[in-house]
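Each chain, written out:
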Amino acid sequence: MLPILIPVAVLLSFLFRKKIRNFLKDGKSLGIIGMQQSGKTRFLAHLRNLPYIDKETNQDDYPEFIYTTKSGSKIKINSGKDYGGSEMYRKNYNDTIKKSDLITYFFDINKYFNDMEYRRECNSRFLYLHRSFDKTENKLLVLFATHTDLCNNMQNKQIKKDFENLIKDKKYKELIKETIYVNITNEDELKELDEILFK
């Protein structure tokens, strides 16, 4: 039997969705960082309305571009590098964080559940982000837990519950409790992300 699909937005509080939209008004900027093969490049291609090319990313330059929302607001996506997600590129996070108003962070939730080394790397980066955002009120971090389609037909509510159970004793649990769970390869879910971020 196919699982019942839970809309992405259902798992986000109204206040957090409102906060996202407040951060992405006219003239604001968006930065994209995250783990290796977690969907960053696919999401960037989606925003730019370009075909996605499935390849390992190192440091691909992309120009500044403007994303126009359905309501007509214009969101600046800063020029920069689409960094690969490997450890060697983590030092570049700070550049993206400094010049962006809202920062999206991508990680593979299926690997987080099933690969202990991947989980440790994620947790290390969550801690880094916690230290970067702990006393910052003029920026917002939004996490995307991707590849939910690979989680043994689990519904997003169960994925959320299991993830929160794994981080319940971590210092950064409050920072990442509003994680967005999404199948980044599903065009309908990508369009729903547009609604959440840019409505």
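In this convention, every chain numbers its residues from 1, walking through the sequence in written order. Owing to the predicted nature of the model, reporting of local features is limited to residues with pLDDT of at least 70; listing and counting of side-chain atom pairs is limited to 80 or more, with chain, interface and lining totals taken over all residues. As a convention, hydrogens and water are excluded, and side-chain values are obtained from all of the structure's heavy atoms.

Talk me through the packing of helix 1 (residues 14-23) against helix 7 (residues 187-198); I want residue IDs and the actual numbers.
Axis definition: a line fitted to C-alpha atoms, limited for helices to the stretch in contact. Angles are taken between N-to-C directions and run from 0 to 180 degrees. A run of H or I in DSSP becomes a helix once it reaches four residues, and a run of E becomes a strand once it reaches two; helices and strands are each numbered from the N terminus. Helix 7 packs onto helix 1 with a crossing angle of 75 degrees between their chain directions and a minimal axis gap of 7 Å. In terms of orientation, helix 1 lies roughly perpendicular with respect to helix 7. Contacts from R17, I20 and R21 of helix 1 reach helix 7 at E195, I196 and L197. Three classes are used, and their members are as follows: Ala, Val, Leu, Ile, Met, Phe, Trp, Tyr, Cys and Pro are nonpolar, Asp, Glu, Lys and Arg are charged, and the others, Gly among them, are polar. Residues that form the contact of helix 1 with helix 7 fall into these classes: 3 nonpolar, no polar and 3 charged. Orientation labels follow simple angle bins: below 35 degrees gives roughly parallel, above 145 gives roughly antiparallel, 65 to 115 gives roughly perpendicular, and whatever is left gives oblique. The contact definition used throughout considers only heavy atoms, calling two residues in contact when any of these lie within 4.5 Å.

Lay out unusual backbone geometry in plain terms, naming residues and giving numbers.
Positive phi, close to 60 degrees, is recorded for H147, a residue that is not glycine. The topology assignment puts H147 in the loop between strand 7 (140-146) and helix 6 (156-166). Phi is positive for N153, close to 60 degrees, though the residue is something other than glycine. In this structure, N153 sits in the loop between strand 7 and helix 6.

Outline the packing of aromatic side chains, listing residues and values.
Between 30 and 60 degrees the pair is tilted, below 30 it is stacked and above 60 it is edge-to-face, where a pair is any two Phe, Tyr or Trp rings, Trp via its six-membered ring, whose centres lie within 6.5 Å. Tallied over the full model, the rule gives 12 aromatic pairs. Each ring, one from F107 and one from F163, has its centre 5.5 Å from the other, and the planes form 35 degrees; the classification is tilted. Here F107, found in strand 6 (residues 102-108), pairs with F163, found in helix 6; they are 56 residues apart in sequence, far enough to count as distant. Side by side, F107 and F163 carry an identical accessibility label, which is buried. Both rings, one in F126 and one in F163, keep their centres 6.4 Å apart while their planes meet at 70 degrees; by these two values the pair is edge-to-face. When accessible area is computed with a 1.4 Å probe and restricted to protein chains, residues below 20% of their type maximum are described as buried, those above 50% as exposed, and intermediate ones as partly exposed.

Go over the sheet that holds strand 4 (residues 74-77), please, and point to the residues and values.
The sheet built from 6 strands is open, its strands ordered 3-4-1-6-7-8 with mixed pairing. What marks the edges here is a single partner per strand, and that holds for strand 3 (65-68) and strand 8 (180-181). Bridging between strand 1 (residues 29-34) and strand 4 involves 2 bridges; their strand directions are parallel. Within the sheet, the bridge partner assigned to S29 lies in strand 4 and is K76. Criterion used throughout: strands pair if DSSP finds at least two bridges between them.

Tell me about the nonpolar core, and please be specific about residues and values.
In this text, buried Ala, Val, Leu, Ile, Met, Phe, Trp, Tyr and Cys residues form a nonpolar core when linked through side-chain atoms within 4.5 Å. Of all hydrophobic cores here, the largest spans 28 residues; its most connected members are F43, L47 and L193. Among the elements of the structure, helix 1, strand 1, helix 2 (40-48), strand 3, strand 4, strand 6, strand 7 and helix 7 are those that each provide at least two residues to this core. When residues in this core are grouped by element, the largest group, 5 residues, is from helix 7. Among the nonpolar cores identified, the runner-up in size contains 25 residues, and I97, F113, L143 and I159 belong to it.

Any details on the pattern of salt bridges? Residues and values, ideally.
The salt bridge definition used is simple: a Lys or Arg side-chain nitrogen within 4 Å of an Asp or Glu carboxyl oxygen. Under the counting rule described, the total for this entry stands at 3 salt bridges. Across the pair R125 and E121 runs a salt bridge whose closest N-O atoms are separated by 4.0 Å. Note that R125 and E121 are positioned in helix 5 (residues 116-133) at a spacing of 4 residues, about one turn of the helix. Overall, R125 belongs to the buried group, its relative accessible area being 0%. Residue classification places E121 among the partly exposed residues on the basis of a relative accessible area of 29%. Across the pair K177 and E174 runs a salt bridge, and its minimum N-O distance is 3.1 Å.

Go over the packing of helix 2 against helix 7 with me, naming the residues and quoting the values.
Running from N to C, helix 2 and helix 7 cross one another at 70 degrees; their axes reach a closest spacing of 11 Å. Comparing the axis directions of helix 2 and helix 7 gives the class roughly perpendicular. Listed contacts from helix 7 to F43, H46 and L47 of helix 2 are E187, L190, L193, D194, L197 and F198. Its residues assigned to classes, the contact of helix 2 with helix 7 shows 6 nonpolar, 1 polar and 2 charged.

Which residues make up the pairing of strand 7, and what values do they have?
Of all 7 residues that make up strand 7, 7 are buried, and the element is covered over most of its length. Sheet topology note: the strand 7/strand 8 ladder contains 2 bridges and is parallel. Directly across from A145, in strand 8, lies its bridge partner Y181.

By themselves, these figures tell us nothing about what the structure is for.
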